[in-house]
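Structural overview for review
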Amino acid sequence: MAPAVILRASAGRAVPAVAVADPTPGEPGAWYVYRCDQAGVVDALYRPPVWIPDGRPGAAPSAAQLAEQARNLLLLPSPRIEANPVGAQLVNLPTWLWLDPASWGPRSATAQVPGVSVTAVARPTSVSWSMGDGTSVTCRGQGTPFPPGGDPKAASPDCGHIYRGSSASQPGLAFPVTATLHWVITWAGAGQSGTSPDMTTASTARLRVAEAQALGDGTG
C-alpha cells in the first residue's frame, strides 16, 4: 500500500508532513504523532508522524524515549528577581535576594502514544546569583522576601549579599545581576521511573548600589 500522507498547516496552506519512517507495503499499523497532554497548555509544536506496525515487538517508543519527549515539552519560567532595599542598594548594608513565587514550584508535561504515557516533572532546587561585582551567591531555595517594617540592617536568613563598593563606575551606574534557577527532572510512566538531565532558566536585572551618606546636625 502507499504510505499515508499527513497534512499540516504552513503559511496558510496544507503541506505534506515528512514521515520519519515508511511502512512496509501491506503491513498493518498506524501513524502516530507525539503530543503534549498537559492541562491548560495548547501544544502548537509540530512533530513528524511515526509509523508503528501492529504487534511488532519493540516498535512502540520506549518509556525512556517518551521521557525525553516529555522533558522537551516542559515549559519552565524564567526567574523573576526581587531585592531589598527597593530601588538603590547601599554599600555595606545587607541586600536581600529572592524570587517571585510565580518563578518557583514544580512544572510537569506528558508525552504519550496509545497505551503508553510518561510524565516528566521539573522541581526547582537552587538559585545561583551572579552579583555583578565579581562575586556570586548560591541559595538553596527561592529566598525570603524582606518583611514589612523589617530592620534594614538585618541580613536575609537564607539568600543575600553585601556590596562593598558602589556601582557608580558601571555602565548605566548599576551592577548587572543574573539569577540562574536550577531544575531537577524526574519522570514516571509505563511502570518505570527515572531521572533526566537537569535544566536551568535565567534572567538578569540591574541593581544600583549607592554610598550611604551620613547626615550631620551642623554643629561640627
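Each value, and the rule that gives it
- Along each chain, numbering runs from 1 in the same order as the chain's sequence is written.
- It should be noted that, the model being predicted, local features are given only for residues of pLDDT at least 70 and side-chain atom pairs only at 80 or more, the latter also being counted only at that level, while totals for whole chains, interfaces and linings use all residues.
- Excluding hydrogens and water, the side-chain figures rest on all heavy atoms present in the structure.
- Strands are runs of DSSP state E lasting at least 2 residues, helices are runs of H or I lasting at least 4, and numbering of each runs from the N terminus.
- Note on areas: these come from Shrake-Rupley sampling with a 1.4 Å probe, and a residue is covered only by the protein chains present in the view.
- Criterion used throughout: strands pair if DSSP finds at least two bridges between them.
- Each axis is a line fitted through C-alpha atoms, taken for helices only over the stretch in contact, and angles between the N-to-C directions span 0 to 180 degrees.
- Put simply, a nonpolar core is a bunch of buried Ala, Val, Leu, Ile, Met, Phe, Trp, Tyr and Cys residues held in one set by side-chain atoms that sit within 4.5 Å of each other.
- For each residue, the accessible area found with a 1.4 Å probe, counting protein chains only, is set against the maximum for its type, and the residue is called buried under 20%, exposed over 50%, and partly exposed in between.
- Note on contacts: a residue pair is in contact if any heavy atoms of the two residues lie within 4.5 Å.
- Stacked, tilted and edge-to-face are the three classes applied to pairs of Phe, Tyr and Trp rings, where Trp contributes its six-membered ring and a pair requires centres within 6.5 Å; stacked means planes under 30 degrees apart, edge-to-face means over 60, and tilted covers the rest.
- By definition here, a salt bridge exists when the distance from a side-chain nitrogen of Lys or Arg to a carboxyl oxygen of Asp or Glu is within 4 Å.

1. Focus: the overall build of the chain
Counting secondary structure elements, the chain contains one helix and 15 strands. Counting every atom, the chain has about 12400 Å² of accessible surface; 55% of that belongs to carbon and sulfur.

2. Examining the sheet that holds strand E6 (residues 81-84)
Taken in spatial order, the three strands make up an open sheet running E6-E8-E12, and their pairing is antiparallel. Every other strand in the sheet has two partners, leaving E6 and strand E12 (160-162) as the edge strands with one partner each. The sheet shows a mean angle of 25 degrees between the axes of neighbouring strands, taken without regard to direction. With three bridges connecting them, strand E8 (residues 94-99) and E12 associate as antiparallel partners. Paired with Thr 95 across the strands is His 161, a residue of E12.

3. With respect to the nonpolar core
Leu 74, Trp 129, Met 131, Tyr 163, Trp 183 and Ile 185 are the most contacted members of the largest nonpolar core, which has 35 residues in total. Those elements that provide at least two residues to this core are helix H1 (63-73), E6, E8, strand E9 (107-113), strand E10 (116-130), strand E11 (136-139), strand E13 (175-189) and strand E14 (192-207). Counting residues per element, this core draws most heavily on E13, at seven residues. If we ignore the near neighbours within four places in the chain, the residues touching Leu 74 are Arg 107, Ser 108, Ala 109, Ala 120, Ala 122, Ile 185 and Met 199.

4. Considering the packing of aromatic side chains
For the coordinates displayed, the defined rule picks out two aromatic pairs. Ring geometry for Trp 96 versus Phe 146: centroids 5.0 Å apart, planes at 85 degrees, classification edge-to-face. Separated by 50 residues along the polypeptide, Trp 96 in strand E8 and Phe 146 in the loop between E11 and E12 bring together distant segments of the chain. Here Trp 96 matches Phe 146 in class, with each residue buried. With 5.1 Å between their ring centres and 0 degrees between their planes, Tyr 163 and Phe 175 make a pair best called stacked. One end of the pair, Tyr 163, is in the loop between E12 and E13; the other, Phe 175, is in strand E13, with 12 residues separating them in the sequence. In this pair, the class of Tyr 163 matches that of Phe 175, namely buried.

5. Quick word on unusual backbone geometry
Cis rather than trans, the peptide bond between Asn 84 and Pro 85 has omega equal to 10 degrees. In this structure, Pro 85 sits in the loop between E6 and strand E7 (89-90). Even without being a glycine, Leu 173 presents a positive backbone phi close to 60 degrees. Relative to the elements of secondary structure, Leu 173 occurs in the loop between E12 and E13. Positive phi values are uncommon outside glycine, yet Ala 190 reaches one of about 55 degrees.

6. Comments concerning the side chain of Ser 196
Structurally, the position occupied by Ser 196 is in strand E14. Here Ser 196 falls in the buried class, since its relative accessible area comes to 13%. For Ser 196, the contacting residues outside a window of four places in its chain are Arg 71, Ile 185 and Trp 187.

7. Here we look at the pattern of salt bridges
Inspection of every chain in the model, using the stated rule, returns two salt bridges. Across the pair Glu 82 and Arg 80 runs a salt bridge whose closest N-O atoms are separated by 3.6 Å. On the basis of relative accessible area, Glu 82 is assigned to the partly exposed category, the value being 23%. Between Arg 80 and Asp 100 there is a salt bridge; the shortest N-O distance is 3.8 Å. Residue Arg 80 is located in the loop between H1 and E6, and its partner Asp 100 is located in the loop between E8 and E9; the two are separated by 20 residues in the primary sequence.

8. A closer look at the environment of Ala 210
Among the structural elements, Ala 210 can be located in strand E15 (residues 209-210). Along the chain, Ala 210 and Gly 165 lie 45 residues apart, while their C-alpha atoms are 8.0 Å from each other.

9. Remarks on the pairing of E9
One ladder, built from seven bridges, connects E9 with E10; its direction is antiparallel. In the strand pairing of E10, Arg 107 is matched with Ala 122. Between E9 and E10, which pair antiparallel one after the other, the connecting turn spans two residues, and Gly 115 there sits at a positive phi close to 90 degrees.

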